[in-house]
Amino acid sequence: HISFIMDGNNRWSKLNANDLKTSYKKGAEKLFKIVDHCFFHHKIDYVSAFALSSHNISRPKKVLSPIINLLDLYLDEFLNNSSKYKYNIRFIGNFDFFKTETRNKIVIINKQNKYLKTLIIALNYSGSQDIILAAGLLNANTNLKINFSDLLSTSQYPNPDLLIRTGGYQRLSDYFLFQMKFTELFFLKVLWPDLKIKSIDIILAKYLKIERKFGK
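Residue positions are given per chain, counted from 1 along the sequence in the order it is written. Confidence filtering applies because this is a predicted model: local features only for residues at pLDDT of at least 70, side-chain atom pairs given and counted only at 80 or more, and all residues used for totals across whole chains, interfaces and linings. Side-chain measures were taken over the full set of non-hydrogen atoms in the model, leaving aside hydrogen atoms and water.

### Notes on the environment of Ser82
No. 1: Along the chain, Ser82 turns up in the loop between helix H3 (61-80) and strand E3 (88-92).
No. 2: Between the alpha carbons of Ser82 and Leu20 there is a distance of 26 Å; along the sequence they are 62 residues apart.
No. 3: Excluding residues that lie within four positions of it along the chain, Ser82 makes contacts with Glu77, Lys114 and Tyr115. Here a helix means four or more residues in a row that DSSP labels H or I, a strand means two or more in a row labelled E, and each is numbered from the N terminus. Contacts were defined at the residue level, with two residues in contact if any of their heavy atoms lie within 4.5 Å.

Rendered as structure tokens:
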């Protein structure tokens, strides 16, 4: 399981004198190009991507609108041209922020299960809120013998083996806080739209040389 924090779209837009719509479109295209490479070149079964943080929701409408509009376009493509994507697509996060039509599309897509490989996209997601909600469920079901991790929104998926964050910042930014306890972290200065496939190959080669002891 390889995970990405796709940071730098906004800065890329300013540096390249492009509008945000163009920037986020390029960022989305980069995601699916990398996802295909991870799934079908490196034989990875799970890829996850932090697309929209719950903390990003407070940004100005002019920043959020291109993201929401792009999401709606891709949701329609996932539904109407699903054969283009040879893997399952799952969304996690708080969908209350989105309009009803968008939420309904997400529900339909989340139920589709055609393939062995899965792309997980975090939308309006907060790792700390995920933990708080799971703790509430556990507290409400004290008589049940259940693992805490089974109550998280990621319960169906293995924890990430490695995380790649672009954009130069070395932090998790409230992403997969519980799930990252043994994840190998790689931070790159490159902005997300400029990330190269070759960089993924280099990081995966480094990862395969790491002796992972999981605290033992």
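### Things to note about helix H4 (residues 100-111)
No. 1: Given a rise of 1.5 Å per residue, twelve residues ought to cover 16 Å, and the 17 Å separating the end C-alpha atoms of H4 matches this to within 8%.
No. 2: Residue exposure (1.4 Å probe, protein chains only): buried if accessible area is under 20% of the type maximum, exposed if over 50%, otherwise partly exposed. Those residues of H4 that sit buried are Thr102, Lys105, Ile106 and Ile109. Projection of H4 onto a plane perpendicular to its axis shows the buried side chains occupying an angular sector of 100°, all on one side.
No. 3: Elements that come into contact with the buried residues of H4 comprise H3, E3 and strand E4 (118-125). Multiplying 1.5 Å by the residue count of a helix minus one yields the expected span of that helix. This arc describes the spread of directions from the helix axis toward the C-beta atoms.

### Regarding the pattern of salt bridges
Opposite charge on two side chains allows them to pair when their charged atoms are near.
No. 1: Between Lys or Arg on one side and Asp or Glu on the other, a salt bridge is scored when a side-chain nitrogen of the former is within 4 Å of a carboxyl oxygen of the latter. Using the criterion set out here, one finds ten salt bridges in the structure.
No. 2: Here Arg11 ties to Asp7 by a salt bridge, and the two come within 3.1 Å at their closest N and O atoms.
No. 3: By relative accessible area, which is 30% here, Arg11 ends up partly exposed.
No. 4: In this structure, the salt-bridge partner of Lys99 is Asp72, at a minimum N-O distance of 3.6 Å. In this pair, Lys99 sits in the loop between E3 and H4 while Asp72 sits in helix H3, placing the two residues 27 residues apart along the sequence.
No. 5: Overall, the relative accessible area of 47% leaves Lys99 in the partly exposed class.
No. 6: Counted as one network, the salt bridges with shared partners bring together Asp7, Arg11 and Arg165.

### Thoughts on the sheet that holds E3
No. 1: Spatially, E3-E4-E2-E1-E5-E6 is the arrangement adopted by the six strands of the open sheet, whose pairing is parallel. In this open sheet, the two strands that pair with only one neighbour each are E3 and strand E6 (184-187). The mean inter-strand angle of the sheet, taken between neighbouring strand axes irrespective of direction, is 20°.
No. 2: Bridge count for strand E2 (residues 46-53) against E4 is seven bridges, and the pairing is parallel. Note on E4: the bridge partner recorded for Phe50 is Ala122.
No. 3: Contacts from helix H2 (residues 20-40) reach strand E1 (2-5), E2 and E4, with the element oriented near 160° to E2.
No. 4: Contacts between H4 and the sheet are confined to E3 and E4, with E3 contributing the most and set at about 130° to the helix. The pairing criterion for strands is at least two bridges between them, as found by DSSP. Whenever a helix is involved, its axis is fitted only over the stretch in contact; in every case the axis is a line through C-alpha atoms, and angles between N-to-C directions fall within 0 to 180 degrees.

### Let's talk about unusual backbone geometry
No. 1: You will see that Ala17, though not glycine, has its phi angle at about 55°, which is positive.
No. 2: Summarising the element assignment, Ala17 is placed in the loop between helix H1 (9-15) and H2.
No. 3: Ala17 sits in the exposed class, given a relative accessible area of 71%.
No. 4: Of note, Asp174 is a non-glycine position whose phi angle comes to about 65°, a positive value.
No. 5: Following the sequence through the fold, Asp174 ends up in the loop between strand E5 (162-165) and E6.

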